[in-house]
Structure formats: C-alpha cells, structure tokens
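# Observations on the three-dimensional arrangement
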Amino acid sequence: MNGELSRRDVLALTGAGLASVTAAAAYQSPNQAPNQPPKKLYAYVSSWTKGPFGVGGGGGISVFTVNMNDGSLTPVSRTGPEFDGLNGGCICISPNGRFLYSTNEIKHLNGKIGAGGGVLAFAINRANGSLTHLNTQPSMGVNATWVTTDATGTRVVVANHGDADPVIRVVKKNGVPEIENFFDDGTVSMFAVKPDGSLEPACDVAVFERTHGVDMRAQGSAHAHSANFDPSSRFVLACDTGADRVYVYRV
C-alpha cells in the first residue's frame, strides 16, 4: 500500500469504489471458471486537495489492485495532473462496473466565481483499471458532497452541501437599515446517464427548505449531506444535516 496516503485517503476507502476487470461477468457469476486466470479487483480512492476546497493540488483519484488473500492494496495508476485540483468528496461505480462518477467538492467550478461544484464521469478500462474522463457537469450547488446511481445505472443523483458562512446584505425596512444573512442552498440534483456513461446536464434540482437547526454555528442553513435511491429506484432519500431532516422525493 502506498505509504504516502493520508489518513483522509484511507478513510475515504470505506466509501471508495471496487470494480472487477471483467465486471459484467463477475456480476453474472461469482464463481471462477476453470483454467481461467484469476480476476483482478480494483479499488478507487478519491482524494481532497491539500488546501481547502480545490486549493493546493494533491487531489484526484487513485487506482489500486486489491490482494484478495490479505486485502493489501498496490497502486497501479492515478488521474493525471489536470485533475490535481479535483476535490474528490465522494465517488461511486455504476452497477455494470463500466463507469465511475465523482463529485468535485468546490465552490467555483472551472475557476468561475459562484459556479458551484461539479460531478465528473469516467470510463473504467477493463484491462488495467485506469480511468478516462468522459465529461463534467455543474452539480447545481456548492460543495458537492455525495454521488450515487440508481439500480439501472441510468440516473445519477448528487447532494450539494452548501456553505457554512453567511453572506451579509444590508437592506432598508421602513427606511431603517438592517442586516440580512443569506446562505448557499442545500440541493439534490439528478442527471440522466448517456449510453457512453457521460452525464447530461441536470434534469431536475430539489432545493432544501431554507431553514436551520439548533446549532447556529454548524446548522445555520440547510446542508445536503447525502442522497440515495431506495431499492426500487422510485424514491430518493436525502439527508439534511443542517436542519436534522430526511427528505423523500418521488422519482
């Protein structure tokens, strides 16, 4: 295992993706065919950048082979330098094992102020586990923190956490100046998946209620922390850590 991995990287592995080089066959049959070479299992680990939210480099996604005897990891590849600013908060692998999706947990996608975070699509090379970037879409919110697919792999949802720092705006009410505080919205966005695994622009965005929890420092506004499909893929359940709520959306 790469000794340079940070504790954050190792912890991220608990939510990292695992894919076989013959993923479709592996999903169809868990048994190894006679006289066939053993299948390789790859682990994908996303990394945050050294600085906060995409600053300082060091981000991206690393690929490891998994030793099925002792569970040890051997690094085999990594996304290129063009992804050093990828603040990979969460990744997931499509049900057929062919594609990987990653959040970019930032506030200013492509350096555009106020553009929010991003969601990236990658193709998985079955021969060596390497990743090929397919496309990137705006996540339709700030600091995309979660990504997952439905059971068919045709839809992806992203949770956008928002920020914890208020924006101060001065308004006049009845001629008297007052300070109003505004926060980034917590949102859940849905994306259709193209046949090649790339993502369409967001087809729908749910905005959390603009409310808060009991801890005004950590819960001053809504924070979408995760969003998951139920087993039938008919509903999306989204966690709001800002208001201590779970929202259920019909797909």
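Above: the structure in question.
Residues numbered from 1 in each chain as written. Predicted model: local features only at pLDDT ≥ 70, side-chain atom pairs only at ≥ 80, totals over all residues. Heavy atoms only, no water.

Turning our attention to the overall build of the protein. What the protein contains, in helices and strands, is 2 helices and 17 strands. Counting the 251 residues in the protein, one finds 44% classified as buried. Partitioning the contacts of the protein with sequence separation of at least 6, the portion at a separation of at least 24 is 49%. For the protein, the exposed surface amounts to about 13,300 Å²; the carbon and sulfur share of it is 54%. (Helix = DSSP H or I, 4+ residues; strand = E, 2+ residues; numbered from the N terminus. Buried < 20%, exposed > 50% of the residue type's maximum accessible area, 1.4 Å probe, protein only. Contact = heavy atoms within 4.5 Å. Areas by Shrake-Rupley, 256 points an atom, 1.4 Å probe, with all protein chains shown as cover.)

On to the side chain of Gln137. With respect to the element layout, Gln137 can be found in strand S8 (residues 131-138). Within the local environment of Gln137, its side chain forms a polar contact with the backbone oxygen of Leu199, the two atoms lying 2.9 Å apart. Setting aside anything within four residues of it in sequence, one finds Gln137 in contact with Leu109, Gly117, Gly118, Val119, Phe191, Leu199, Glu200 and Pro201. (Polar contact = N/O pair within 3.5 Å; in protein donor to acceptor, adjacent residues only side chain to side chain.)

Next up on the list: the sheet that holds strand S6 (residues 99-104). Spatial ordering of the open sheet is given by S5-S6-S7-S8, a layout of 4 strands whose pairing is antiparallel. This sheet does not close on itself; its edge strands, each paired only once, are strand S5 (91-93) and S8. Put simply, the sheet's adjacent strands are angled 20° from each other on average, direction ignored. (Pairing = 2+ DSSP bridges. Axes fitted to C-alpha atoms, helices over the stretch in contact; angles between N-to-C directions.)

Next up on the list: the pairing of strand S17 (residues 245-250). Of the strand pairs in this sheet, strand S16 (residues 235-240) and S17 are connected by 6 bridges, and their pairing is antiparallel. From the neighbouring strand, Phe235 faces S17, where its bridge partner is Arg250.

Moving on, we come to the sheet that holds strand S10 (residues 155-160). The 4 strands are arranged S9-S10-S13-S14 in an open sheet whose pairing can be described as antiparallel. Every other strand in the sheet has two partners, leaving strand S9 (144-149) and strand S14 (199-207) as the edge strands with one partner each. Between one strand axis and the next, the sheet turns through 25° on average, direction left out of account. Direction of pairing for strand S13 (residues 187-193) relative to S14: antiparallel, over a ladder of 6 bridges. Considered in S14, the bridge of Phe191 is made with Ala202.

Turning next to the packing of aromatic side chains. Two aromatic rings are characterised by how far apart their centres lie and by the angle between their planes. A full pass over the atoms with the stated rule returns 3 aromatic pairs. A ring pair is formed by Phe208 and Tyr247, whose centres lie 4.6 Å apart and whose planes are at 25°; its orientation type is stacked. Note that Phe208 is positioned in the loop between S14 and strand S15 (224-229) and Tyr247 in strand S17, a separation of 39 residues in sequence. You'll find Phe208 and Tyr247 in the same group, each marked buried. On the numbers, 6.2 Å between centres and 15° between planes, the contact of Tyr247 with Tyr249 is stacked. (Phe/Tyr/Trp six-rings, centres within 6.5 Å; stacked < 30°, edge-to-face > 60°.)

Located in the positive-phi region is Phe53, a residue other than glycine, with phi close to 50°. Of note, Phe53 is situated in the loop between strand S2 (41-47) and strand S3 (60-66). With a relative accessible area of 43%, Phe53 lands in the partly exposed category. Phi is positive for Met140, which is not a glycine, with a value near 65°. For Met140, the position within the fold is in the loop between S8 and S9.

This paragraph deals with the pairing of S8. Pairing of strand S7 (residues 118-124) with S8 involves 7 bridges; the strand directions are antiparallel. Paired with Val119 across the bridge in S8 is Gln137. Remark: 6 residues form the turn of the hairpin made by S7 and S8, two consecutive strands paired antiparallel; Gly129 in that turn has positive phi of roughly 80°.

By themselves these figures say nothing about function.
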